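Spelled out from the first residue to the last, the chains are:
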Amino acid sequence: MNTLDTRLDLSTTLGGTMMDVPLNIGWVFEHVLRNHGSRQVVARLDDGTTFRYTYADFGKRVAQLANALVALGVKPGDRVASFGWNTHRHLELYYAVPMIGAILHTVNIRLFPEQVVWVFEHAGDKLVFVDASLAPVVARACATTQAEKNFSFVVMGESDALAGADDYEALLAGQPEEFPWPDVDERSAAILCYTSATTGDPKGVLFTHRSTVLHALCAGLSETLGFKGSDSVLPVVPMFHVNAWGVPYLIPMIGAKLVLPGAKLDPQSVVDLVNSEAVTVSLGVPTVWLAVRDLLEKNDAYLPTLKTLVIGGSAVPPSLYDDLDKRGISVVHAWGMTEMSPIGTVSRIVAELADAPHAVQREKRLKQGRFAPLVAWKILDENGNDVPRDGKTAGDLWVRGPSVTASYYRVGSDLPCFKDGWFHTGDVCTMDELGYLQLVDRSKDLVKSGGEWISSVDLENTLMGHPAVREAAVIGLPHEKWVERPVAVVALRDGQQVDEPSLKAWLGERIAKWMVPDRIIFVDAIPRTGVGKFLKRELREKYRDLLSSSA
Ligand code: ADP
């Protein structure tokens with residue numbers, strides 16, 4: 001796309017122009033403190049008790065944290081990592097770190113131990129803030145390498161699992177409740193988040209202040225997430241993964257009550273928190289809600305305050321939608337990805353369908369939804385032509401916009417997913433005449449189990465390392481609890497034998513247990529495309545019901 005330079009020439013417009021102020025997170029912070037100071041943040045702590053404060057008090061602690069960071073030697077551009085659940089302290093980091101010009105690196109607590117250390121090193125983290133309940137996890141991760149560490153720890157809560165770590169509360173104590181906030185340039189990096197790659201190491205996406213603020217504004221619109229100041233919002237979606245879908249900035253910005261669930265995400269704990277904090281809106285991946293649904297059904301219970309559930313990260317199972325609908329909870333389906341900050345689409349009913357029958361509205365709501373503003377899209381066939389907007393013809397989805405990444409951190413943009421200013425999502429979609437996007441397949445080789453990625457390529461390579469295995473293709477199949485689980489289709493070498501339990505046991509010694517495929521199917525040969533790639537679409541079709549029928 002060509003850029004047309006039409007900036008006003010001040011000498012000819014007599015100065016008639018807008019203020020040129022940087023679009024930084026400081027604007028959100030300032031707005032929250034000045035306008036929503038009395039609204040609440042509630043956090044459930046590890047011991048099950050609740051911590052509660054106002055946004056005004058939150059602001060004071062953010063300033064104390066900023067002072068503490070500076071005292072620890074954190075400078076603009078430095079990376080500061082967080083390894084934690086959704087808590088008030090994590091929220092404080094989301095503001096203090098970027099507002100002093102440093103970068104908050106939110107680390108996925110479910111990475112392999114080796115990957116945890118790798119990601120600290122790759123990011124070049126200087127300091128790592130760790131929840132007390134996760135300190136043993138980080139200690140174990142650090143024990144996987146002898147290499148000297150270039151980062152130090154701050155523990156949030158009480159734990160002595162990390163020797164020499166500073167204590168979060170001790171660092172804040174006595175610090176001034178004000179800070180001379182710098183006016184950070186809007187194109188500075190604010191947050192760093194790694195996403196699973198098809199193969200190999202995770203890839204870092206660096207969100208800028210500008211992209212973060214624009215994302216929060218667009219996410220907040222009534223046709224997007226559409227929350228209100230009177231809402232009580234429970235993000236079950238983790239703050240360690242894609243900015244909890246923008247919640248840490250959006251919810252304070254609109255002055256809604258923010259309820260942070262901490263480490264306990266079992267269905268009973270979620271239900272208790274919804275009831276005790278009169279939660280009206282919650283957000284998360286389907287797995288959590290499938291378990292909550294089961295619990296509600298078992299007890300024939302209702303959640304009287306909960307009106308809206310935003311579900312994304314994986315497709316919403318229609319049965320979940322219907323079961324929650326019966327209990328008065330409206331499911332709002334959303335789609336996005338880390339590379340998009342993450343919100344891309346949200347399924348709301350357009351004006352044209354306002355009076356449409358329930359069945360028609362249901363069909364649309366189960367699609368991934370309509371695009372948020374500031375996300376351009378195109379769906380292309382294999383020849384690079386736009387597919388028709390008929391809701392039937394599928395193609396590759398590309399996106400572009402101010403909150404879409406242009407490259408990966410310390411990797412760059414020299415990858416096939418970045419082309420001519422567009423980003424290839426790896427999702428295969430249809431688009432209907434009313435603008436509803438529907439995902440029909442994934443061209444990227446990843447399986448998404450309970451909201452967490454499993455690289456099928458890595459699994460295949462591990463499997464093919466077994467002496468009896470000639471070739472292996474791993475696919476994700478629909479699963480009632482985890483939405484998707486890996487299944488391996490394996491062809492053995494001539495004259496070799498191995499059975500399913502022993503191959504699974506062998507894998508279990510080499511990869512995390514939750515990544516071991518649910519089933520391993522033995523075939524003579526794996527179907528391939530004309531260019532020799534595994535025909536995974538055919539495998540997915542053939543074994544579609546394998547896990548649901550055996551469940
Ligand atoms: P997140 O898990 O927060 O959505 P990721 O970057 O880890 O972010 O994953 C993005 C990918 O997850 C998408 O490209 C898509 O394949 C899948 N995904 C996200 N939302 C949905 C959805 N509503 N339906 C189906 N797949 C989804």
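Since we're looking at a predicted model, the values are computed, not measured.

Quick rundown of the sheet that holds strand E13 (residues 308-311)? Include the residues and the values.
Strand order in the open sheet formed by nine strands is E2-E1-E11-E10-E12-E13-E14-E15-E16, and the pairing between neighbours is mixed. The sheet terminates laterally at strand E2 (50-54) and strand E16 (370-371), the two strands that pair on one side only. Bridge count for strand E12 (residues 281-284) against E13 is four bridges, and the pairing is parallel. In the sheet register, Leu283 faces E13, and the bridge partner there is Val310. Packed on one face of the sheet, helix H9 (residues 247-254) meets strand E10 (232-235), strand E11 (257-260) and E12 and runs near 145° to E11.

Outline the packing of aromatic side chains, listing residues and values.
All chains considered together, the criterion is met by 20 aromatic pairs. Taking 5.2 Å as the distance between ring centres and 85° as the angle between the ring planes, the aromatic pair formed by Phe58 and Tyr95 counts as edge-to-face. Here Phe58, found in helix H3 (residues 55-71), pairs with Tyr95, found in helix H4 (residues 88-99); they are 37 residues apart in sequence, far enough to count as distant. With a relative accessible area of 0%, Phe58 lands in the buried category. Residue classification places Tyr95 among the buried positions, given a relative accessible area of 0%. Taken together, a centroid distance of 5.0 Å and an interplanar angle of 65° make the contact between Phe120 and Phe151 edge-to-face. With a gap of 31 residues between them, Phe120 in helix H5 (residues 113-123) and Phe151 in the loop between helix H6 (135-142) and strand E6 (152-156) connect regions that are remote in the sequence. The same class applies to Phe120 and to Phe151, which are both buried. In this structure, Arg327 is placed above the aromatic ring of Tyr302, and the distance from its NZ or CZ to the ring centre is 4.9 Å.

Can you explain the site of the ligand? Please cite residues and give values.
What surrounds the ligand is a group of 20 residues, the closest being Ala334, Thr338, Asp427, Lys444 and Lys448. For the ligand, a nitrogen atom lies 3.0 Å from a polar atom in the backbone of Gly313. Between a nitrogen atom of the ligand and a main-chain N or O atom of Ala315, the distance comes to 3.1 Å. When isolated, the ligand has an accessible area of 540 Å², and the protein chains bury 96% of it. Elements with a minimum of two residues in the shell around the ligand: strand E14 (330-336) and strand E21 (437-442). For the shell around the ligand, the element with the highest residue contribution is E14, accounting for four residues. Its residues assigned to classes, the shell around the ligand comprises eight nonpolar, eight polar and four charged.

So what's going on with a nonpolar patch on the surface? Residues and values would help.
Among the surface-exposed residues, Met19, Val21 and Trp27 lie close enough to one another that they form a single nonpolar patch of about 370 Å² accessible area. Accessibility expressed as a relative area gives 39% for Val21, which makes it partly exposed.

Which residues make up the nonpolar core, and what are the values?
Nonpolar side chains in soluble globular proteins tend to be buried together. Counting 111 residues, the largest nonpolar core has Tyr95 and Phe129 as its most contacted members. The element that contributes the greatest number of residues to this core is H3, accounting for eight residues. If we ignore the near neighbours within four places in the chain, the residues touching Tyr95 are Ile25, Val28, Phe29, Phe58, Val62, Pro248, Tyr249 and Pro252. One finds Ile103, Ile109, Val128 and Ala135 within the second-largest nonpolar core, a separate group that totals 28 residues.

Please provide a residue-by-residue account of the state of the cysteines, values included.
As enumerated under the stated definition, the model contains zero disulfides in all. Between Cys142, a cysteine without a disulfide, and Cys193, which holds the nearest cysteine sulfur, the sulfur-to-sulfur distance is 20 Å. Taking relative accessible area as the criterion, Cys142 reaches 10% and is therefore assigned buried. Sulfur of Cys193: no disulfide; nearest cysteine sulfur belongs to Cys417 and is 16 Å away.

What counts and what doesn't
- Residues numbered from 1 in each chain as written.
- Predicted model: local features only at pLDDT ≥ 70, side-chain atom pairs only at ≥ 80, totals over all residues.
- Heavy atoms only, no water.
- Pairing = 2+ DSSP bridges.
- Helix = DSSP H or I, 4+ residues; strand = E, 2+ residues; numbered from the N terminus.
- Contact = heavy atoms within 4.5 Å.
- Axes fitted to C-alpha atoms, helices over the stretch in contact; angles between N-to-C directions.
- Phe/Tyr/Trp six-rings, centres within 6.5 Å; stacked < 30°, edge-to-face > 60°.
- Buried < 20%, exposed > 50% of the residue type's maximum accessible area, 1.4 Å probe, protein only.
- Lys NZ or Arg CZ within 6 Å of the ring centre and 35° of its normal.
- Near = heavy atom within 4 Å.
- Polar contact = N/O pair within 3.5 Å; in protein donor to acceptor, adjacent residues only side chain to side chain.
- Areas by Shrake-Rupley, 256 points an atom, 1.4 Å probe, with all protein chains shown as cover.
- Nonpolar A, V, L, I, M, F, W, Y, C, P; charged D, E, K, R; others polar.
- Patch = residues over 30% accessible without salt bridge, like charges linked within 9 Å, V, L, I, M, F, W, Y side chains within 5 Å.
- Salt bridge = Lys/Arg side-chain N within 4 Å of Asp/Glu carboxyl O.
- Core = buried A, V, L, I, M, F, W, Y, C linked by side-chain atoms within 4.5 Å.
- Disulfide = S-S within 2.5 Å.

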